[in-house]
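Structure at a glance
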Amino acid sequence: MFSTRTLKQTLSEMDDVCVEKLGVVVVDHGSRRAESNALLLDVAKLFGRVSEMKVIEPAHMELAEPTIAQAFTRCVQRGAELVVVFPYFLSPGRHWSQDIPALAAEAAAAHPGVRYLVTAPLGLHELLAQVMGERIAHCLAQANGAAEPCDLCREAGGCTLHLG
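In this report, we go over the structure that sits alongside the text. Small disclaimer: the values here were computed from a predicted structure and weren't measured.

**Comments concerning the overall build of the protein**
- Across its full length, the protein holds five helices and four strands.
- In the protein, the succession of α and β elements from N to C terminus is α-β-α-β-α-β-α-β-α.
- Expressed along its principal axes, the backbone C-alpha trace of the protein runs to roughly 60 × 35 × 25 Å.
- A buried classification covers 32% of the 164 residues belonging to the protein.
- Partitioning the intrachain contacts of the protein with sequence separation of at least 6 by distance along the chain shows that 64% fall at a separation of at least 24.
- If you sum the accessible surface of the protein, you get close to 10700 Å²; carbon and sulfur atoms cover 58% of it.

Structure below.
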């Protein structure tokens, strides 16, 4: 199962990597919808704020920019000597096992000497179940008039109970 190690703890145990030389590329699928692509920018900013890391770049696997290659290059330009590519996907699949590693390898080839790692996707984790519960509770409260719509559904008018 998943280890509860922190990023700071792991970096402190690595002799050859410090936080200033670590870059993270957060990759989603990419969409033709600008709103969907914009959410990844917020995810990358949130991760930077929570992790206190400085070199974090968003990337889309396809359909939109920045690409993995563009984000990888940006990390290197910002001082990264190790780039971690994090697939912002819920489950493993072909994109995680084949497409993203191939795109990361292609991006790394343009930067000799820079190491890279493609992590596992989000997968099964108890915190995801907690987030699901919080989202469901908020949407039920909003549909019942006891809460304001969240940022995700505000433009769509919020959550609405439907009669089947």
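Additional details are given in the paragraphs that follow.
**Topic: helix α3 (residues 68-77)**
- Turning to α3, its buried residues number three or more, namely Ile68, Ala71, Phe72 and Cys75. For α3, the angular spread of buried residues about the axis comes to 100°, placing them on one side.
- Those residues of α3 hidden inside the fold are in contact with β1 (22-28), β2 (56-60), β3 (82-87), α4 (94-109) and β4 (115-118).

**Observations concerning the sheet that holds β2**
- Pairing is parallel across the open sheet formed by four strands, whose spatial order is β2-β1-β3-β4. Edge positions in the open sheet fall to β2 and β4, since each of these has one partner strand only. The average undirected angle you get between the axes of adjacent strands in this sheet is 20°.
- Relative to β4, β3 runs parallel, the two sharing four bridges. Bridge assignment links Val83 to a residue of β4, and that residue is Tyr116.
- Sitting on the sheet, α3 is in contact with β1, β2, β3 and β4, with an inclination near 170° to β2.

**Regarding the pairing of β3**
- Among the six residues of β3, five are classified as buried, and the element is accordingly described as predominantly covered.
- Pairing of β1 with β3, which is carried by six bridges, proceeds in the parallel orientation. Directly across from Gly23, in β3, lies its bridge partner Val83.
- Regarding topology, α4 serves as the crossover connection from β3 to the parallel β4, and that connection is right-handed.

**A closer look at unusual backbone geometry**
- For the peptide bond that leads from Glu65 to Pro66, omega is 5°, which places it in the cis range.
- Note that Pro66 resides in the loop between β2 and α3.
- Phi at Leu63 is positive, roughly 75°, even though this residue is not glycine.
- Position of Leu63 among the secondary structure elements: in the loop between β2 and α3.

**Observations regarding the packing of aromatic side chains**
- A full pass over the atoms with the stated rule returns one aromatic pair.
- When the centroid spacing of 6.3 Å and the interplanar angle of 75° are considered together, the rings of Phe72 and Tyr116 count as edge-to-face. On the criterion of sequence distance, the pair formed by Phe72 in helix α3 and Tyr116 in strand β4 is long-range, its members being 44 residues apart.

**Side note on the side chain of Glu57**
- Secondary-structure assignment places Glu57 in strand β2.
- With a relative accessible area of 12%, Glu57 lands in the buried category.
- At 2.7 Å, the side chain of Glu57 and the side chain of Arg78 are in polar contact.
- Other than its neighbours up to four places away in sequence, Glu57 contacts Val24, Val25, Val26, Ala71, Arg74, Cys75 and Arg78.

What counts and how
- Residues numbered from 1 in each chain as written.
- Predicted model: local features only at pLDDT ≥ 70, side-chain atom pairs only at ≥ 80, totals over all residues.
- Heavy atoms only, no water.
- Helix = DSSP H or I, 4+ residues; strand = E, 2+ residues; numbered from the N terminus.
- Buried < 20%, exposed > 50% of the residue type's maximum accessible area, 1.4 Å probe, protein only.
- Contact = heavy atoms within 4.5 Å.
- Areas by Shrake-Rupley, 256 points an atom, 1.4 Å probe, with all protein chains shown as cover.
- Arc of directions from axis to C-beta.
- Pairing = 2+ DSSP bridges.
- Axes fitted to C-alpha atoms, helices over the stretch in contact; angles between N-to-C directions.
- Right-handed = clockwise from strand over helix to strand, strands pointing away.
- Phe/Tyr/Trp six-rings, centres within 6.5 Å; stacked < 30°, edge-to-face > 60°.
- Polar contact = N/O pair within 3.5 Å; in protein donor to acceptor, adjacent residues only side chain to side chain.

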